[in-house]
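Given next are the chains, with one letter for each unit.
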Amino acid sequence: MRSIFLQYFKYGNVFIYLLEDGSIITLPVHLIRVANVMIGGEPVLEFNCKSVRDDMRQQGMKAQKDFLEDEDLKVRLEGFPPEVADALNKGSDWVQLNPENTFVLQDVKEDWMRYAVPMVATCLNAFKRKALIAQYESALLNLGAHSFVHVTYGDTKSDIMPDITALNAVNALFRRAMTGSALATTNHLCKATVIQPDTKEMFDDDKYRDVNAEILSAGGISGIIVSGRAEDGSNFASAQVSMQTAAIRIKQARDNFCELMNKINLRLNGVGRKGVTHSRPDNVPLFTFPPVDLAGSQKFQEVCRQLWEKGVVSTKTMLQTHGYDMDQERERMKTDPPRENAAKEASSDSSDSGQAKRGRPTMDDTERSSDPAKAATGKQPKPSNPEGSL
């Protein structure tokens, strides 16, 4: 179930195969091709056997035979559908899987589309921009690390123009000073300057803040939920909308999974195939999940507190979700500081008062309706209470 939900949210497409022993496996998304026809409400799937055969040939040492031995191939294909094993033995590139054993779980898409578009596809433009920013920063850092020394020799005012021999001598002099000796002796006609690019603009502006906000908004997630900061424009209202969107997506995924499991239960019970039906279709239990309510304020506060305990959400955000203004409370504490021992005093007072008021108050003998002598003898030691209650 974890694998199905992961593929559902990551790829938007889940292809499931029901083996003969009743176990469920998920097929690789990149090896499945959806056909143009549907049988029983499920699209027909085709498996890429050529990639499996190529992977088996490339692994390990090169075999002497042109193809793997049948026994070795049978062992390697135990986890694949039986149609794939037959197709590999026949040398086929693609094989059609049995529609009665295949189930497809897809995200929301148009009816004419074969595949559902994953949610991460909406973030590709933001990912591209983020990669471009990373390349820019890497290029600027590499350029800043490769500083150089620019040496000028000569004087244009006095028409002293050195030839190539003099320039080579100055070059050798500064090279020895930079690599070996720490001293270079020159005349007033020689000047040296260190040239290094300015990299301060890399840290003047947070270039990733906007692109991260775009990625979160493309996924329907509020930035305040992820980072605990509201610089990207996120607030409590947008966080609530984000939680509602997440709850809707979770509920939709659960409903689709329940529908899938109900089909599999009916299939295992014998409905839709040739076999013995063990129970009536009405008696087959339905697969369901408990409801998820992330839109309510209490649920949202609990989730926010859990994120705060993990260090994901700031303290200010956690207090805002509970209706507290952190700045206002700080100003109130300056004018009215809380008592340090208030909690201890309250607990001690409650404990003392409880001790004083515990039990029934004592009564005088005149108020008693029973014989005082019997009350006294009742407190004497007995076999059941050797110590007595006096």
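Let me sum up the structure you'll find in this document. (Residues numbered from 1 in each chain as written. Predicted model: local features only at pLDDT ≥ 70, side-chain atom pairs only at ≥ 80, totals over all residues. Heavy atoms only, no water.)

Glancing now at the sheet that holds strand β6 (residues 102-106). If you trace the three strands from one edge of the open sheet to the other, you get β2-β1-β6, paired in antiparallel fashion. Two strands lie at the open edges of the sheet, namely β2 (24-27) and β6, each paired on one side alone. The sheet shows a mean angle of 30 degrees between the axes of neighbouring strands, taken without regard to direction. With five bridges connecting them, strand β1 (residues 13-18) and β6 associate as antiparallel partners. From the neighbouring strand, Tyr-17 faces β6, where its bridge partner is Thr-102. Packing of helix α1 (residues 2-11) onto the sheet brings it into contact with β1, β2 and β6, and relative to β1 it is tilted by some 150 degrees. (Pairing = 2+ DSSP bridges. Helix = DSSP H or I, 4+ residues; strand = E, 2+ residues; numbered from the N terminus. Axes fitted to C-alpha atoms, helices over the stretch in contact; angles between N-to-C directions. Contact = heavy atoms within 4.5 Å.)

Another point: the side chain of Thr-102. Note that Thr-102 resides in strand β6. For Thr-102, a relative accessible area of 1% translates into the label buried. At 3.4 Å, the side chain of Thr-102 and the backbone oxygen of Pro-99 are in polar contact. Each residue touching Thr-102, except ones within four places of it in the same chain, is listed here: Ile-16, Tyr-17, Glu-42, Pro-43, Leu-45 and Leu-97. (Buried < 20%, exposed > 50% of the residue type's maximum accessible area, 1.4 Å probe, protein only. Polar contact = N/O pair within 3.5 Å; in protein donor to acceptor, adjacent residues only side chain to side chain.)

Moving on: the packing of aromatic side chains. Ring pairs (aromatic) are described by centroid distance and by the angle formed between their planes. Inspection of every chain in the model, using the stated rule, returns eight aromatic pairs. On the numbers, 5.5 Å between centres and 85 degrees between planes, the contact of Tyr-8 with Phe-9 is edge-to-face. Overall, Phe-9 belongs to the partly exposed group, its relative accessible area being 29%. Taken together, Phe-5, Phe-257, Phe-287 and Phe-289 form an aromatic cluster joined through their ring pairs. The ring of Trp-94 is capped by Arg-33, whose NZ or CZ atom sits 3.9 Å from the centre of that ring. (Phe/Tyr/Trp six-rings, centres within 6.5 Å; stacked < 30°, edge-to-face > 60°. Lys NZ or Arg CZ within 6 Å of the ring centre and 35° of its normal.)

What follows concerns the pairing of β6. The buried fraction of β6 amounts to five of the five residues, a majority that puts the element mostly inside the structure. Across the two faces of β6 the burial is the same, with Thr-102, Val-104 and Gln-106 and Phe-103 and Leu-105 all buried.

Turning our attention to α1. Given 3.6 residues per helical turn, the α-helix brings residues three or four places apart onto the same face. Listing the buried residues of α1 in full gives Ile-4, Phe-5, Gln-7 and Tyr-8. In an axial view of α1, the angular spread of the buried residues amounts to 165 degrees, which keeps them on one side of the axis. Every exposed residue of α1 that faces more than 90 degrees away from the buried side is listed here: Arg-2 and Leu-6. Of the residues trailing α1, Gly-12 is marked for its positive phi of about 80 degrees. (Arc of directions from axis to C-beta.)

Before going further, it helps to spend a moment on the nonpolar core. Leu-27, Phe-47 and Leu-97 are the most contacted members of the largest nonpolar core, which totals 20 residues. Sorting the residues of this core by element identifies β1, β2, β3 (32-39), β4 (42-48), α2 (49-58) and α4 (82-90) as the ones contributing at least two each. Tallying contributions element by element places α4 first for this core, with four residues. Ranked by size, the runner-up nonpolar core spans 13 residues in total, among them Ile-4, Ile-16, Leu-18 and Ile-264. (Core = buried A, V, L, I, M, F, W, Y, C linked by side-chain atoms within 4.5 Å.)

Pairing is antiparallel across the open sheet formed by three strands, whose spatial order is β3-β4-β5. Each having just a single partner strand, β3 and β5 (94-96) make up the two edges of the open sheet. On average, each strand axis in the sheet is tilted by 30 degrees relative to the strand beside it, whichever way the strands run. For β3 and β4, the ladder comprises five bridges, and the chain directions are antiparallel. In the sheet register, Ile-32 faces β4, and the bridge partner there is Phe-47.

Going through the model one piece at a time under the given rule, you end up with five salt bridges. In this structure, the salt-bridge partner of Lys-334 is Glu-331, at a minimum N-O distance of 3.8 Å. With a gap of three residues between them, Lys-334 and Glu-331 both fall in helix α13 (residues 326-335), about one helical turn apart. The class of Glu-331 is partly exposed, set by a relative accessible area of 47%. (Salt bridge = Lys/Arg side-chain N within 4 Å of Asp/Glu carboxyl O.)

The values are spatial; any link to function lies outside them.
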